[in-house]
Structures are given as C-alpha cells and as structure tokens.
Amino acid sequence: MHLSNPNVLIFKKGKKEGSRNYRLVSLTSVPGKVMEKIIQGIIEKHLKDNTVIGHSQHSFMRGKSYLSNPISFYDKVTHLDDKGKPVNVIFLDFSKAFNNVSYRILQDKMSSSQLDKHIMWWGSILGPVLFSIFINDLDTGLEGILSKFADDTILGGAVDSLKGRKALQRDLNLLDDWAVTNHMKFNKAKCWILHQEWGNPGCTYRLGNEMLESSAVGRDLGVLVDGQMNISQQCPGSQEGQPCSGGHQAQHRQTVEGGDCPALLCTGAASPWILCAVLGTTI
C-alpha cells in the first residue's frame, strides 16, 4: 500500500477471488481523525440534547450497546408473553446498508435535525453517527416493537388475533416502503421469521413481493434465540444474518432442554466497529 493511496481493501468473508467479498475503507490523517472526533462529540451532544434519535436505536449511541438492544427488545416481547399473547419476531437485514446511503436524502435529514449538511464531507469517523440519523425514521408509523442496532433490525408483534397479525404485515409493508423511498434494499435472503411456540398460529408474511421464511432458531447480534425465547451462545456454524443450520439447531435445542443455557453474551462478531464507516456515494 502506498502512502499516496488513501483507500485500502479489507477482506470480509467468502472466496478471496470474489471482488464483492472486499470492503473499500478510506484512510485519513491523524489530525483529520482528531478533528472528526471533536465534531462527532458535538453532533452526539446535539442529538442527545434535542432527542433527535429515537429510543429504538442502540448502536453508536452513548449509554447503549449490543447488550441493551436485545435486553430492551425481548423485555417487551416477554411482557406480551406474560399476558398470554404469542409473538412473532422478524429479523431484517439491509443489503450493503452503509454503502447505499443516498447523500441527497441524508442531507435533507441532517437539515431537518438542524445539522449543517456539509458536516458529512468530513470523513469516515462520522459515518456511524450520520447513519443513525439516516435510519432514524425507519420506525415511523409502526404498530409493533422495533429495535435497531445500526442496520440490523428486529420487528416483533403479538399475533393472538387477526388484528395483530394484520398489523405486523402492515409494519412490514411500511418498512419496505421506507426502503424504496430511501433508496435502500433489504437482503431478503437474510430476513427470517421466528414464531414463538406457545399457541402461535405460525402465519406467513411477505416483505415486498417475497414471502419470508421461518426458522426454529434466529441469530441476533451474536446470540441464538429459539421459539421459547431462550437465549444462548452464538452458533459458530451460522453466517451473520442467517438462521442456525439444522445440526446446530438440534444441538442448541438439546442445550436448552437440558437446562444448561448460557447467560446472554456476545462473542464480539457483531461489534459495531467492524461495520463499514464510509458512507457510499449514491445520489
């Protein structure tokens, strides 16, 4: 790598021969990074003082983390369960979210948040907090429970009645509309439904024109969650954003039934710092 080249390719996963398996990362100077950190602190204070970012976002926000995200979400889910209401949980994944952010739309949202839109040209360190602004209105108008960790999104809702099941589908319709309006795209191959087992009618749902598949075990930020809302250690054989494979599902279910379910933990595989911090140039 030459010092004159400000960009470097970072291998993500898959075959090294595939160009799509690399991520382009911009390198900035140390003085530039220091200045960006100062600006980042000012932006974060502005967002907090003016309550710009909603409570559903847990990534890149002070006082929140990959632990507060599932704790907050599943606390609400278990509250519904305590009322005897079965719940469906839908795991959603955006395709190359950070790379597909529209500058024009982000500028509009920054202006609405009373931020100077020229801030976005500073550099990569500001990428995560700017993305939080971009995706902040994702849950506008939703009836169910939504929780975000950067672009990883979980949607849940009670399905004990036809009204509840229709509400969950309406939420998915709104999310798909948001993606179209904001020039984003869901990776529907990595979007799954987890049916809570107690009295769950097992309904199917669609995202856009595609039906979502169901899974016995879902993977949420490095931990496994099954239909009984048991949470256990990450399955090493599953890919990010995908349900656990059949063999590991069986192994996990044996662990749960044996009463030896580990405490909530994250292996670090979903650390926010591995997310691409460079916003794309989509207009």
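For every chain, the first residue of its written sequence is number 1, and the numbers climb from 1 along that sequence. Thresholds applied to this predicted model are a pLDDT of at least 70 for local features of residues and 80 or more for the giving and counting of side-chain atom pairs; totals over whole chains, interfaces and linings are not thresholded and use all residues. Only hydrogens and water are set aside; all other atoms, that is, all heavy atoms of the structure, feed into the side-chain values.

In the nomenclature of an unreviewed UniProt entry, the protein is known as Rna-directed dna polymerase from mobile element jockey-like of Willisornis vidua.

Undergrad: Report on the pairing of strand β6 (residues 192-195), specifying residues and quantitative values.
TA: Side chains Trp192 and Leu194 project from β6 onto one buried face, and the interleaved Ile193 and His195 project onto a second face that is buried too. A pair of strands is labelled paired if DSSP reports no fewer than 2 bridges between them. In DSSP terms, a helix is any run of H or I states spanning at least four residues, a strand is any run of E spanning at least two, and both are numbered starting from the N terminus. With four bridges connecting them, strand β3 (residues 87-92) and β6 associate as antiparallel partners. Bridge pairing in β6 places asparagine 88 opposite histidine 195. Bridge count between β6 and strand β9 (residues 213-214): two bridges; the pairing is parallel. Counterpart to isoleucine 193 in the pairing with β9 is serine 214. Exposure is judged per residue with a 1.4 Å probe applied to protein chains only, and the accessible area is read against the type maximum: over 50% gives exposed, under 20% gives buried, and values in between give partly exposed.

Undergrad: Now, about helix α1 (residues 30-49): what can you tell me, with residues and values included?
TA: Multiplying one less than the number of residues by 1.5 Å gives the expected span of a helix. The first and last C-alpha atoms of α1 sit 29 Å apart over 20 residues, in line with the 28 Å expected at 1.5 Å per residue. Among the residues making up α1, those that are buried are Gly32, Glu36, Ile39, Gln40, Ile43, Glu44, His46 and Leu47. Seen along its axis, α1 keeps its buried residues to an arc of 155°; they face one direction. Pointing more than 90 degrees away from the buried face of α1 are the exposed residues Val30, Pro31, Ile42, Lys45 and Lys48. When checking whether two residues touch, look at their non-hydrogen atoms; a contact exists if any pair is within 4.5 Å. Looking at the buried side of α1, the elements it contacts are α4 (127-134). Positive phi appears at threonine 51, one or two residues downstream of α1, with a value of about 45°. When we speak of the arc, we mean the arc of directions from the helix axis to the C-beta atoms.

Undergrad: If you had to explain the sheet that holds β6 to someone new, which residues and values would you point to?
TA: Remark on secondary structure: sheet strands pair via backbone hydrogen bonds, oriented parallel or antiparallel. Strand order in the open sheet made by the five strands is β4-β5-β3-β6-β9, with mixed pairing throughout. With partners counted over all chains shown, the strands left at the sheet margins are β4 (145-149) and β9, one partner each. Along the sheet face, helix α2 (residues 68-82) touches β3, β4 and β5 (152-158) and points at about 165° away from the line of β4. For helices, the fitted line uses only the C-alpha atoms of the stretch in contact; every axis is such a line through C-alpha atoms, and the angle between N-to-C directions lies from 0 to 180 degrees. Together, β3, β4 and β5 form the strand contacts of helix α5 (residues 162-181), whose direction differs from that of β5 by roughly 155°.

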